[in-house]
Amino acid sequence: MENKSRTILHIDINHCYAQIEEMLCPPLREVPMAVGGDESQRHGIILAKNIKAKPYGILTGEPIRSALKKCPELQIVQANMQNYLYYTSKIKEIYHEYTDRVEDFGLDEAWLDVSDSLNVFGDGLTIAQEIQRRVLHEYGLTVSIGVSFNKVFAKLGSDYKKPNAITEITKDNFQDFAWSMPVDDLLMVGRSTAKKLALMNIKTIGDLANSSVTTLKNKLGKMGVLIWSYANGMETSEVTLETFELPPKSIGNSWTTPKDITNTSEAKIVLERLSNSVACRLREKQLMGKVITLSVRDTNLHRFTHQRKVEVALDTCNEILSIIMELLGESYDFVLPIRSIGVHVSGLVKTNTHYQLSLFEDTIAKAKSRKVEIVLEDIRQKYGFYSVSQASALVDKNLSHVDPKGSHTTHPVGFLKGSL
Amino acid sequence: MKFFKKYIKVITVCDEYGSLTPVYIIWHNGEKYKIDRILEVRKAASKVGGCGILYRCRIGKNERNLFYEINRWFIESTTP
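These numbers were taken from a predicted model, which means no experiment stands behind them.

### Some remarks on the overall build of chain A
And step 1. Counting its secondary structure elements, chain A contains 15 helices and 12 strands.
And step 2. Across the 420 residues that make up chain A, the buried fraction comes to 47%.
And step 3. With 50 positive and 50 negative side-chain charges, chain A shows a spacing of 4 Å between the two charge centroids.

So, in structure tokens, the structure goes:
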């Protein structure tokens, strides 16, 4: 399999959210524009910007207020996630017409392995041109495509020239093409790795490819060997089949609340919602977890996590919530109010109908409470999330009016999908 | 010619296989116009913004682009 020549495309929808807004409202193309979160809900950061906003040095992820200081005439468009999900999924339907090996990398990027489709649709470049043309004509959006023999160089190609470009990196030209590029353009080389490499006088991908793999291993561990092989074009990982779903390593939800949380009882309202969502998602995936983690970010944006391992794996809201409340009591004194809070469960095992009971707890009550939660979830599925709620949710609707499970979106997975 | 995006009411026929065919468009003042002929159907982006299934239609002597966008219809109109 590894010897067989492969053709991989990496397709990136250029400044995706901003471009979808421009497509829906073309006059936005003529002004500096950025898509931002909802400031009233305190999600006020820049999510994407258009080409006209780029010269102002506006950064993705910076607060809307600071972006407006850089460019007072910047037009902020409120993000409409449903639209972005809809249009990106439609565009991916086009990709699926060319191969069943389509691997998502976030909403706006995907790898396509078209090796087996070459006889039907023509070579990689032809397929790339065809996809680019169709996305533009059918959805009015431009994409950048990298065509190469592995995933790493395909991504490098799509990042090389934007917007609306196609870059081909072949086995014959990758040394001329990629080796002169800065090392942090390579996938998996982030800021901190680039810093370490700079200390070793490795500045370009070529420097990395020609350096000693033993030294890299000593300095960077397995990661050193990995990025060395990437630089030498030896990356061979498969583009996963569309039906492939990676088992999750942890399940969690966090929320930046619309107002600060100032005491334990307010925190409990939010944590109840989050624990409930996590418990439901665990049960949906038929998983139970042993490690419960609380994450807290205060109003100074300091973040910490506190976790506990339990003997018997669990999947109910009640149990998760009681542990989380203990963790909160032990670790936080509310000197500063909390801005965002999260609940995560890891150490996942498959739900097993037979498991070791504990001698020291009321297992019948536990089973009953689990049944109640399942019934509650059934009611919510049938009549809507807000059809049934805890009485505590009525205390402060600002803090309880959220459906973390329904509004949950999966964020880009890491390229490596697991440990090295 | 400058075009404007106008969402409008459309009377459609949905056949037994689920495919939609627009038959009349109803303007904002309530006036009804018959679609005499559908010249082309394909997915397309519109120059007035948005995208969807384009029905290139002949209405009387005019040719107009009618789009089915997710769950509603808009027309590339010559009047705002």
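### Remarks on the environment of Val270 of chain A
All names here are of chain A.
And step 1. Mapped onto the elements of the fold, Val270 is located in helix 12 (residues 264–284).
And step 2. Spatially, the C-alpha atom of Val270 lies 9.6 Å from that of Ser254, the residues being 16 residues apart in sequence.
And step 3. When neighbours within four sequence positions are excluded, Val270 is seen to be in contact with Trp255, Thr257, Ile261, Ile341 and Leu399.

### As for the interface of chain A and chain B
And step 1. Listed as interface residues are 10 residues of chain A and, on the opposing side, 11 residues of chain B.
And step 2. Taken together, the links from chain A to chain B amount to 0 salt bridges.
And step 3. Where chain A packs against chain B, one counts 2 residue pairs in polar contact (both at pLDDT 80 or more).
And step 4. Ranked by the residues each element gives to the side of chain A that touches chain B, the list is headed by helix 5 (residues 124–139) of chain A, at 4 residues.
And step 5. The class makeup of the residues in the side of chain A that touches chain B is 7 nonpolar, 2 polar and 1 charged.

### Here we look at the pairing of strand 12 (residues 338–350) of chain A
Residues and elements named next belong to chain A.
And step 1. As defined by bridge partners, strand 9 (residues 250–261) adjoins strand 12 across 8 bridges and the pair is classed as antiparallel. Residue pairing for strand 12: Ser250 is matched across the bridge by Ser346.
And step 2. Relative to strand 12, strand 10 (residues 287–298) runs antiparallel, the two sharing 11 bridges. Across the sheet, Leu287 pairs through a bridge with Lys350, a residue of strand 12.

### Some words on the pattern of salt bridges
All names here are of chain A.
And step 1. One pass over the full model with this rule turns up 24 salt bridges over all chains.
And step 2. Between Lys92 and Asp104 there is a salt bridge, with its nearest N and O atoms 3.6 Å apart. You can see Lys92 sitting in helix 3 (residues 81–96) and its partner Asp104 sitting in strand 5 (residues 102–104), a full 12 residues away along the chain.
And step 3. Note on Lys92: relative accessible area 8%, which makes it buried.
And step 4. On the accessibility criterion, Asp104 (40% relative accessible area) is partly exposed.
And step 5. One salt bridge in this structure joins Arg133 and Glu130, with 3.9 Å as the shortest N-O distance. On the criterion of helical spacing, the pair formed by Arg133 and Glu130 is a turn pair, its members being 3 residues apart in helix 5.
And step 6. One salt-bridge network, in which partners are shared between bridges, spans Asp12, Glu109, Lys155, Asp159 and Lys162.

### Here's the deal with the nonpolar core
All names here are of chain A.
And step 1. Core analysis: the largest hydrophobic core is formed by 34 residues, its most contacted members being Leu9, Ile11, Tyr95, Leu112, Ile131, Leu141 and Ile145.
And step 2. Those elements giving two or more residues to this core turn out to be strand 1 (8–13), helix 1 (16–24), strand 2 (33–36), helix 3, strand 6 (109–113), helix 5 and strand 7 (143–148).
And step 3. Ranked by residues supplied to this core, first place goes to helix 1 with 6 residues.
And step 4. Those residues within four positions of Ile145 in sequence are excluded, and the remaining contacts are Leu9, His10, Ile11, Ala128, Ile131, Gln132, Gly157, Ser158, Ala165, Ile166 and Thr167.
And step 5. Ranked by size, the runner-up nonpolar core spans 33 residues in total, among them Ile261, Cys317, Ile320 and Val345.

### Description of the domain arrangement of chain A
And step 1. Assigned domains of chain A: these are domain 1 (1–168), domain 2 (179–244) and domain 3 (250–400).
And step 2. Computed from C-alpha coordinates alone, the two centres of domain 1 of chain A and domain 3 of chain A are separated by 35 Å.

### Regarding the packing of aromatic side chains
The description of an aromatic ring pair rests on the distance of the ring centres and on the angle between the ring planes.
And step 1. Tallied over the entire structure, the rule returns 15 aromatic pairs over all chains.
And step 2. Centroid distance Phe304 of chain A to Tyr332 of chain A: 5.8 Å. Interplanar angle 20°. Geometry classified as stacked. Placement of the pair is Phe304 of chain A in strand 11 (residues 303–314) and Tyr332 of chain A in the loop between helix 13 (317–331) and strand 12, with a sequence separation of 28 residues.
And step 3. On the basis of relative accessibility, which here comes to 26%, the residue Phe304 of chain A falls in the partly exposed class.
And step 4. With a centroid separation of 5.7 Å and 70° between ring planes, the pair formed by Tyr7 of chain B and Phe74 of chain B is classed as edge-to-face. In this pair, Tyr7 of chain B sits in strand 1 (residues 4–14) while Phe74 of chain B sits in strand 7 (residues 72–77), placing the two residues 67 residues apart along the sequence.
And step 5. The aromatic ring of Phe74 of chain B is capped on one face by Lys5 of chain B, whose charged end is 4.6 Å from the ring centroid.
And step 6. Of note, Lys47 of chain B hangs over the ring of Phe3 of chain B, and the distance from its end group to the ring centre comes to 4.8 Å.

### Points about helix 10 (residues 213–220) of chain A
And step 1. Two to three positions downstream of the cap, the backbone nitrogen of Thr214 of chain A sits 3.3 Å from a side-chain oxygen, assigning the N-cap of helix 10 of chain A to Ser212 of chain A.
And step 2. Taken from the residues just after helix 10 of chain A, Gly221 of chain A is the one with a positive phi, measuring 75°.

### A word on helix 6 (residues 151–160) of chain A
All names here are of chain A.
And step 1. The buried fraction of helix 6 amounts to 8 of the 10 residues, a majority that puts the element mostly inside the structure.
And step 2. For helix 6, the set of buried residues is Lys151, Val152, Phe153, Ala154, Lys155, Leu156, Gly157 and Ser158.
And step 3. With a side-chain oxygen lying 3.2 Å from the backbone nitrogen of Val152, the N-terminal cap of helix 6 falls on Asn150.

### Focus on the state of the cysteines
And step 1. Counted according to the given criterion, the structure contains 0 disulfides over all chains.
And step 2. For the unlinked cysteine Cys71 of chain A, the closest cysteine sulfur is that of Cys25 of chain A, found at 17 Å.
And step 3. The buried category is assigned to Cys71 of chain A, whose relative accessible area is 0%.
And step 4. A disulfide-free cysteine, Cys51 of chain B has its sulfur positioned 12 Å from the sulfur of Cys16 of chain A, the nearest such atom.

### Structural notes on the packing of helix 10 of chain A against helix 11 (residues 222–231) of chain A
Residue and element names in this part refer to chain A.
And step 1. It is at 6 Å that the axes of helix 10 and helix 11 come closest, and there the two elements cross at 140°. Judged on the interaxial angle alone, helix 11 and helix 10 are oblique. Contacts from Val213, Leu216, Lys217 and Leu220 of helix 10 reach helix 11 at Lys222, Met223, Gly224, Val225, Ile227 and Trp228.

Reading the values: the criteria
- Numbers given for residues are sequential positions, taken from 1 along each chain in its written order.
- By the order in which they are written, chains take letters starting at A while ligands take numbers starting at 1.
- A pLDDT threshold of at least 70 governs which residues receive local features in this predicted model, and a stricter bar of 80 or more applies before side-chain atom pairs are shown or counted, although totals over entire chains, interfaces and linings include all residues.
- Side-chain measures here rest on the full set of heavy atoms in the structure, leaving out hydrogens and waters.
- The way it works is that DSSP assigns letters per residue, a run of H or I at least four long becomes a helix, a run of E at least two long becomes a strand, and they are numbered from the N terminus.
- Exposure is judged per residue with a 1.4 Å probe applied to protein chains only, and the accessible area is read against the type maximum: over 50% gives exposed, under 20% gives buried, and values in between give partly exposed.
- A positive count includes Lys and Arg, and a negative count includes Asp and Glu. His and the chain ends are not counted in either.
- By convention, charge coordinates are those of NZ in Lys, CZ in Arg, CG in Asp, or CD in Glu.
- Only heavy atoms enter the contact rule, under which two residues are in contact if any of them lie within 4.5 Å.
- The salt bridge criterion pairs a side-chain nitrogen of Lys or Arg with a carboxyl oxygen of Asp or Glu, the two atoms within 4 Å.
- Counting of polar contacts relies on pairs of N or O atoms within 3.5 Å, with two restrictions inside protein: one atom must be capable of donating a hydrogen and the other of accepting it, and residues adjacent in sequence are counted only when both atoms are side-chain atoms.
- For this classification, Asp, Glu, Lys and Arg are treated as charged, while Ala, Val, Leu, Ile, Met, Phe, Trp, Tyr, Cys and Pro are nonpolar and the rest, including Gly, are polar.
- Pairing between strands is defined by DSSP: at least two bridges between the two strands are required.
- Each nonpolar core is a collection of buried residues, namely Ala, Val, Leu, Ile, Met, Phe, Trp, Tyr and Cys, held together in the definition by side-chain atoms within 4.5 Å.
- Where each domain starts and ends follows an automatic or database-derived domain assignment.
- The aromatic pairing rule takes the rings of Phe, Tyr and Trp, using the six-membered ring of Trp, and pairs them if the centres are within 6.5 Å, calling planes under 30 degrees apart stacked, those over 60 edge-to-face and the rest tilted.
- To sit over a ring, a charge needs its Lys NZ or Arg CZ within 6 Å of the ring centre and within 35 degrees of the ring normal.
- Note on terminology: disulfide denotes any pair of cysteine sulfur atoms within 2.5 Å.
- Angular values range over 0 to 180 degrees, each being the angle between N-to-C directions of two axes fitted as lines to C-alpha atoms, with helices fitted over their stretch in contact.
- Each angle is binned into one of four classes, with values under 35 degrees roughly parallel, values over 145 roughly antiparallel, values of 65 to 115 roughly perpendicular, and all other values oblique.

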